[in-house]
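# Reading the structure
Below are the chains, spelled out letter by letter.
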Amino acid sequence: MTEDTVVLPFLDLEVERYYWSRGLRSVAGVDEAGRGPLAGPVVAAAVVFHPETSIPGVDDSKKLTEEKREALFTEISQKALAVGVGIVDHETIDRINILQASFLAMRKAIDSLPRPPEVILADGRGFQYEFLVCENIIDGDAKVFSIAAASIIAKVTRDRLMVQYDEQFPQYGFAKHKGYATKEHLEAIRSRGICPIHRRSFRLHDGWPGEK
């Protein structure tokens, strides 16, 4: 191995193998993207692989460059047995709160799979789905292959949506910061006020401009 050799992360399949070895072949990794931004939807993905499938480089989407996420998005989509996506808009987030909206997006992602999985591996804590085995794993997107794959699908899908919103509301820079509370975004809000896709239930320390 030379000094410039790049070693891609290869997440362990230990959790998936636990269920595969017990005859449960349809194991769905589930994760969401977009809980923290001030604008736009929260997006979740559910990904099911054939047993023993793995893809070098799959990792927590937050650790990857945009270019790497895009490449892995394509590879995951091609190699997965099934991929489901759930999207919950900003208005629903305001109505039911971001935690419940995240859970709803995860349910929508699972429901969009061709058939219900036998097991759900969900990132974080607190998510349940009636009548299905569901294991919550803290930091699952950094530990479990199928959850990490779901994090990539969710992140890329949401980022693409925010690029589309940037065309509608170019003054906010959504294509660059994807709705997160960057200095640029905050300055745009303070100078222009909020736009239709901002989450009104989210607050800056001094409130939303124009809503005081």
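Structural data are supplied above this passage.
Residues numbered from 1 in each chain as written. Predicted model: local features only at pLDDT ≥ 70, side-chain atom pairs only at ≥ 80, totals over all residues. Heavy atoms only, no water.

### A short note on the side chain of D141
Its place among the elements puts D141 in the loop between β5 (133–137) and α5 (145–168). Within the local environment of D141, its side chain forms a polar contact with the side chain of K62, the two groups lying 3.0 Å apart. Leave out the neighbours within four places in its chain, and D141 touches L11, D31, D59, D60, K62, D123, I147, A148 and S151. (Helix = DSSP H or I, 4+ residues; strand = E, 2+ residues; numbered from the N terminus. Polar contact = N/O pair within 3.5 Å; in protein donor to acceptor, adjacent residues only side chain to side chain. Contact = heavy atoms within 4.5 Å.)

### A look at the packing of aromatic side chains
For the coordinates displayed, the defined rule picks out 4 aromatic pairs. Consider the rings of Y172 and F174, whose centres lie 5.6 Å apart with planes at 15°: the pair is stacked. For the pair Y172 and F174, one class covers both residues: buried. Sitting above the plane of the F73 ring, R160 keeps its charged end 4.3 Å from the centroid. (Phe/Tyr/Trp six-rings, centres within 6.5 Å; stacked < 30°, edge-to-face > 60°. Buried < 20%, exposed > 50% of the residue type's maximum accessible area, 1.4 Å probe, protein only. Lys NZ or Arg CZ within 6 Å of the ring centre and 35° of its normal.)

### What to know about the sheet that holds strand β3 (residues 82–88)
On the basis of which strands lie adjacent, the open sheet formed by 5 strands has the order β3-β2-β1-β4-β5 and mixed pairing. Unpaired on one side and paired on the other, β3 and β5 mark the two borders of the sheet. Across the sheet, the mean angle separating the axes of adjacent strands is 20° when strand polarity is ignored. Against the sheet, α5 engages β1 (27–33), β2 (42–48), β3, β4 (119–123) and β5, with an angle of about 40° to β1. (Pairing = 2+ DSSP bridges. Axes fitted to C-alpha atoms, helices over the stretch in contact; angles between N-to-C directions.)

### Examining the pattern of salt bridges
Proximity of charged atoms lets side chains of opposite charge pair with each other. Summed over all chains, the structure comprises 10 salt bridges. One salt bridge in this structure joins R160 and E70, with 2.6 Å as the shortest N-O distance. Pair noted here: R160 is in helix α5 and E70 is in helix α2 (residues 66–79), with a separation of 90 residues, a long-range link. The exposure class assigned to E70 is partly exposed, which follows from its relative accessible area of 28%. A salt bridge links R107 to E130; the shortest N-O distance between them is 3.0 Å. Placement of the pair is R107 in helix α4 (residues 98–111) and E130 in the loop between β4 and β5, with a sequence separation of 23 residues. (Salt bridge = Lys/Arg side-chain N within 4 Å of Asp/Glu carboxyl O.)

### Quick look at the nonpolar core
Core analysis: the largest hydrophobic core is formed by 30 residues, its most contacted members being V47, F49, V58, I76 and I152. Secondary structure elements with two or more residues in this core: α1 (14–20), β1, β2, α2, β4 and α5. Ranked by residue count, the leading element in this core is α5, at 9 residues. Discounting residues that sit within four places of it in the chain, I76 has contacts with V47, F49, I55, V58, A149, I152 and I153. Of all hydrophobic cores here, the second largest spans 28 residues; its members include V30, V42, A101 and M106. (Core = buried A, V, L, I, M, F, W, Y, C linked by side-chain atoms within 4.5 Å.)

### What to know about the environment of K155
Tracing the sequence through the fold places K155 in helix α5. Relative accessible area serves as the criterion here: at 16%, K155 is assigned to the buried category. Remark: the alpha-carbon pair of K155 and S61, spanning 94 residues in sequence, is separated by 6.8 Å. Not counting chain neighbours up to four residues away, the residues in contact with K155 comprise A33, S61, R69 and Y180.

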